[in-house]
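As a plain string of letters, each chain reads:
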Amino acid sequence: MPRRRKHRNIEWNPLCAVFKPAWIPQRSIETTILWLDEYEALRLADKDGLSMQQWAEKMWISAPTFNRLLQSAHNKIANALVGWNAIKICTE
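Residues numbered from 1 in each chain as written. Predicted model: local features only at pLDDT ≥ 70, side-chain atom pairs only at ≥ 80, totals over all residues. Heavy atoms only, no water.

## Comments concerning the sheet that holds strand 3 (residues 86–90)
Our working definition: Pairing between strands is defined by DSSP: at least two bridges between the two strands are required. In this description a helix means any DSSP run of H or I spanning at least four residues, a strand means any run of E spanning at least two, and both kinds are numbered starting from the N terminus. Only the stretch in contact is used when fitting a helix axis, every axis being a line fitted to C-alpha atoms; angles between N-to-C directions are given from 0 to 180 degrees. In what follows, a contact means two residues having at least one pair of non-hydrogen atoms within 4.5 Å.
Within the open sheet, the 3 strands sit side by side as 1-3-2. Their pairing is mixed. Where the open sheet ends on each side, the last strands, each with one partner, are strand 1 (17–19) and strand 2 (31–35). Direction aside, the axes of adjacent strands within the sheet are offset by 25° on average. Judged from the 3 bridges that link them, strand 1 and strand 3 form a sheet pairing that is antiparallel. The partner of F19 across the bridge, within strand 3, is I87. Along the sheet face, helix 1 (residues 36–47) touches strand 2 and strand 3 and points at about 75° away from the line of strand 2. On the sheet, helix 3 (residues 63–82) packs against strand 2 and strand 3 and is oriented at approximately 160° with respect to strand 2.

So, in structure tokens, the structure goes:
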């Protein structure tokens, strides 16, 4: 049985946000799901410019976990941009 997922502190909680290429209808493209904790890791690291220890403390997780979230977010966004996919930020 897997371990319970630790609670993560997230400062922004949208209902759901979708970003897509403007000229392509959403029903005709794939959607990449970016989870809220991945979004928060991306925001803290790339926008706010905090140190690794500050990032992890703000989200109440360890530094290695934070780095895994950040790497996952970077990979998903890069693949979505290169593949002309929609990016959907979801809570669940």
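## Considering the nonpolar core
To keep it simple, the criterion reads: Only buried residues count toward a nonpolar core. Its members are Ala, Val, Leu, Ile, Met, Phe, Trp, Tyr and Cys residues joined through side-chain atoms within 4.5 Å. Buried, partly exposed and exposed residues are distinguished by accessible area as a fraction of the type maximum, computed with a 1.4 Å probe on protein chains only: under 20%, between the cut-offs, and over 50%, respectively.
Counting residues in hydrophobic clusters, the biggest one holds 17 residues, and the most contacted among them are W55, M59, F66 and L70. Those elements that provide at least two residues to this core are helix 1, helix 2 (52–59), helix 3 and strand 3. When neighbours within four sequence positions are excluded, L70 is seen to be in contact with A41, L42, A45 and W55.

## Considering the pattern of salt bridges
Our working definition: Think of a salt bridge as a Lys or Arg side-chain nitrogen and an Asp or Glu carboxyl oxygen that are within 4 Å of each other.
Counted by the stated rule, this structure contains 2 salt bridges. Taking the shortest distance from any N to any O, the salt bridge between K76 and E38 comes out at 3.0 Å. Of the two residues, K76 sits in helix 3 while E38 sits in helix 1, which places them 38 residues apart along the sequence. Since its relative accessible area comes to 22%, K76 is described here as partly exposed. Accessibility expressed as a relative area gives 5% for E38, which makes it buried. Where R43 meets E40, a salt bridge forms, and the shortest distance between an N and an O atom there is 2.7 Å.

## With respect to the packing of helix 1 against helix 2
The line we're drawing: Handedness of each helix crossing follows the sense of rotation of the near helix against the far helix: counterclockwise by less than a right angle gives left-handed, clockwise gives right-handed.
With their axes 10 Å apart at the nearest point, helix 1 and helix 2 run at an angle of 145° to one another. Our pair here, helix 1 against helix 2, has a crossing hand that is right-handed. Within the contact between the two elements, helix 1 uses D37, E40, A41, L44 and A45 and helix 2 uses W55, K58 and M59.

## So, helix 3
Going by this rule: How far a helix is expected to stretch is found by multiplying one less than its residue total by 1.5 Å. This arc corresponds to the set of directions leading from the helix axis out to the C-beta atoms.
Between the first and last C-alpha of helix 3 there are 28 Å, a value that for 20 residues agrees with the 28 Å anticipated at 1.5 Å per step. Among the residues of helix 3, those classed as buried are A63, T65, F66, L69, L70, A73 and A80. On an axial view of helix 3, the arc spanned by its buried residues comes to 160°, and they lie on one face. Among the exposed residues of helix 3, those oriented more than 90 degrees off its buried face are R68, N79 and V82. Residues of helix 3 that are buried sit in contact with strand 2, helix 1, helix 2 and strand 3. Phi turns positive, to about 55°, at W84, one or two residues after helix 3.

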